[in-house]
Amino acid sequence: MIRMLAAGLAFIGRHGTTALAVSIFIGLALPALSAYLRPYLEIAVFGLLTLAFLRVDHNAIRTRLKRPALLIAALVWMMLGVPLLTYLLLTHTGLSQLGPDVALALFISTAAPPVLAAPAFIYLLGLDGTLSLALSVAAMIVTPLTVPFVGGLMLGDALPLSVGGLALKLSILLAGAFVIAMVLKRIFGRERLARSGDHISGLNVIVLLIFAIAAMDGVAANFLSQPLFMLAITTFTFALALTQIFLSLVLFAPATREDAYAIAHTCGTRNMGLMVAAFGGVLPEFTWLWFAVGQFPIYLLPMFLKPFVRVFCRLNADSVTQRT
């Protein structure tokens, strides 16, 4: 039985990208399941954080830290530059008049660190994911500092938690997941965990399935009752993700094309789930719907952008296949 479970996890891990894309549509097709799993979304986020820290490649991070200028610049841009630009957009274009729910939606989709699967998406596109990995880890480390600062600036009294409360909740989530991952590494050993990469990937996919299905709670009903409104929100989430990717590509054009795109794609895929977990899973309806449909660009853009990446980074089909 144990061998069968291990083989099943390994199989899921090897076919994870397909399963993740399908999971969103499972949530849409089974709204009762989404409603049932929604209370477990915070637990799923914590599980994903733990698995991410468990799989961190310290050697890859050390390699990138030998030349830290690009990493630091990308970190500052992602965690401060983009959200501060969003704040200026809110205050100088009249978007703030749309209400705090809209501001909160923009906040969680521009101030959050990248999704934990960002390096995997970069590898999927045929690129070197080590810069994305180092950037993702660095972003998670500074999140308890940058996110409350930006939240207080962008939302003020409309922030669902106090600035201090948000910093504390994020710190508990990140530090708790890190400590558990270190304990597991000590118990099982780094070499054994390295040999179990497919099994950990499979477990990661299962937790991501739970997360993605839970995130779809209420989405199908709203698509049926107000389809144009939901299509508009979905379009804007794609537009925001692509805008972050485009601006990052322009800003980091002096770097190599692979590094520029790795930074850009990492910046465009924000871990809104972490923000939702920090708020205890309680969000205004509009912000929740934004968060839910915001999973579409995260999971679908790697597939849509692969032809562009092949041309932009001058990759051929063979190199993409070898790297993925």
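Residues numbered from 1 in each chain as written. Predicted model: local features only at pLDDT ≥ 70, side-chain atom pairs only at ≥ 80, totals over all residues. Heavy atoms only, no water.

Trainee: Whenever I open this one, the overall build of the protein confuses me. Can you help?
Mentor: Scanning the protein for helices and strands turns up 19 helices and zero strands. Expressed as a percentage of the 324 residues in the protein, the buried residues total 50%. Within the protein, counting contacts between residues at least 6 apart in sequence, those at least 24 apart form 85% of the total. (Helix = DSSP H or I, 4+ residues; strand = E, 2+ residues; numbered from the N terminus. Buried < 20%, exposed > 50% of the residue type's maximum accessible area, 1.4 Å probe, protein only. Contact = heavy atoms within 4.5 Å.)

Trainee: Explain helix 14 (residues 227-251) here, please?
Mentor: Think of an α-helix as 3.6 residues a turn; residues three or four steps apart then line up on the same face. Between its first and last C-alpha atoms helix 14 spans 36 Å; for 25 residues at 1.5 Å apiece the expected length is 36 Å, and the two agree. Considered for burial, the residues of helix 14 that qualify are Met 230, Ile 233, Thr 234, Thr 237, Phe 238, Leu 240, Ala 241, Gln 244, Ile 245, Ser 248 and Leu 249. Next to the buried residues of helix 14 lie helix 6 (68-93), helix 7 (100-108), helix 13 (219-225), helix 15 (257-268), helix 17 (285-293) and helix 18 (295-312). (Expected span 1.5 Å × (residues − 1).)

Trainee: Looking at this structure, how should I read the packing of helix 9 (residues 130-155) against helix 15?
Mentor: Relative placement of two packed helices is described by the angle separating their axes and the distance separating the axes. In the contact formed by helix 9 and helix 15, the axes pass within 9 Å of each other and the chain directions differ by 40 degrees. In terms of axis orientation, helix 9 runs oblique to helix 15. Helix-helix and strand crossings are classified by hand; for helix 9 and helix 15 the assignment is right-handed. Seen from helix 9, the contacting residues are Leu 131, Ser 132, Leu 135 and Ser 136; seen from helix 15, they are Asp 259, Ile 263 and Thr 266. Each residue belonging to the contact of helix 9 with helix 15 can be placed in one class, and the counts come to three nonpolar, three polar and one charged. (Axes fitted to C-alpha atoms, helices over the stretch in contact; angles between N-to-C directions. Parallel < 35°, antiparallel > 145°, perpendicular 65-115°, else oblique. Left-handed = near helix turned anticlockwise from the far one by under 90°. Nonpolar A, V, L, I, M, F, W, Y, C, P; charged D, E, K, R; others polar.)

Trainee: I would appreciate a short explanation of the environment of Leu 104 in the present structure.
Mentor: Residue placement: Leu 104 occurs in helix 7. Under the relative-accessibility criterion, Leu 104 is labelled buried at 3%. Residues Leu 104 and Met 154, 50 residues apart in the sequence, show an inter-C-alpha distance of 8.4 Å.

Trainee: Looking at this structure, I do not really get the packing of aromatic side chains. What am I missing?
Mentor: Each aromatic ring pair is specified by the distance between its two centres and by the angle formed by the two planes. According to the stated counting rule, one finds eight aromatic pairs in the structure shown. Judged by centre distance (5.5 Å) and plane angle (85 degrees), the ring pair of Phe 53 and Phe 178 falls under edge-to-face. Pair noted here: Phe 53 is in helix 4 (residues 41-54) and Phe 178 is in helix 10 (residues 163-188), with a separation of 125 residues, a long-range link. A relative accessible area of 9% means that Phe 53 is categorised as buried. Look at Phe 308 and Phe 312: their rings are 5.4 Å apart centre to centre, the planes differ by 20 degrees, and that puts the pair in the stacked class. Here Phe 308 pairs with Phe 312, and both are found in helix 18, just four residues apart, close to one helical turn. The class for Phe 308 is partly exposed, based on a relative accessible area of 37%. Aromatic ring contacts, followed pair by pair, group Phe 211, Trp 288 and Phe 291 into a single cluster. Its guanidinium or amino end placed over the ring of Trp 288, Arg 38 lies 3.6 Å from that ring's centre, counting from NZ or CZ. Lying across the ring of Phe 312, Arg 257 places its NZ or CZ 5.1 Å from the centre. (Phe/Tyr/Trp six-rings, centres within 6.5 Å; stacked < 30°, edge-to-face > 60°. Lys NZ or Arg CZ within 6 Å of the ring centre and 35° of its normal.)

Trainee: Sorry if this is basic, but what is going on with the side chain of Gln 244 here?
Mentor: Within the secondary structure, Gln 244 is located in helix 14. Polar side-chain contacts of Gln 244 include one of 3.2 Å to the backbone oxygen of Ser 109. Excluding residues within four positions of it along the chain, Gln 244 makes contact with Val 82, Ser 109, Thr 110, Cys 267, Gly 268 and Arg 270. (Polar contact = N/O pair within 3.5 Å; in protein donor to acceptor, adjacent residues only side chain to side chain.)

Trainee: Can you walk me through the pattern of salt bridges in this structure?
Mentor: Two side chains of opposite charge can pair, provided their charged atoms sit close to one another. Considering all chains together, one arrives at two salt bridges under this definition. For Asp 217, the salt bridge is made with Arg 38, and the minimal N-O distance between the two is 3.1 Å. With Asp 217 in the loop between helix 12 (197-215) and helix 13 and Arg 38 in the loop between helix 3 (31-37) and helix 4, this residue pair connects regions lying 179 residues apart in the sequence. Among the residues examined, Asp 217 registers a relative accessible area of 15% and is labelled buried. For Glu 42, the salt bridge is made with Lys 169, and the minimal N-O distance between the two is 3.4 Å. Note that Glu 42 is positioned in helix 4 and Lys 169 in helix 10, a separation of 127 residues in sequence. (Salt bridge = Lys/Arg side-chain N within 4 Å of Asp/Glu carboxyl O.)

Coordinates in, geometry out; function isn't part of it.
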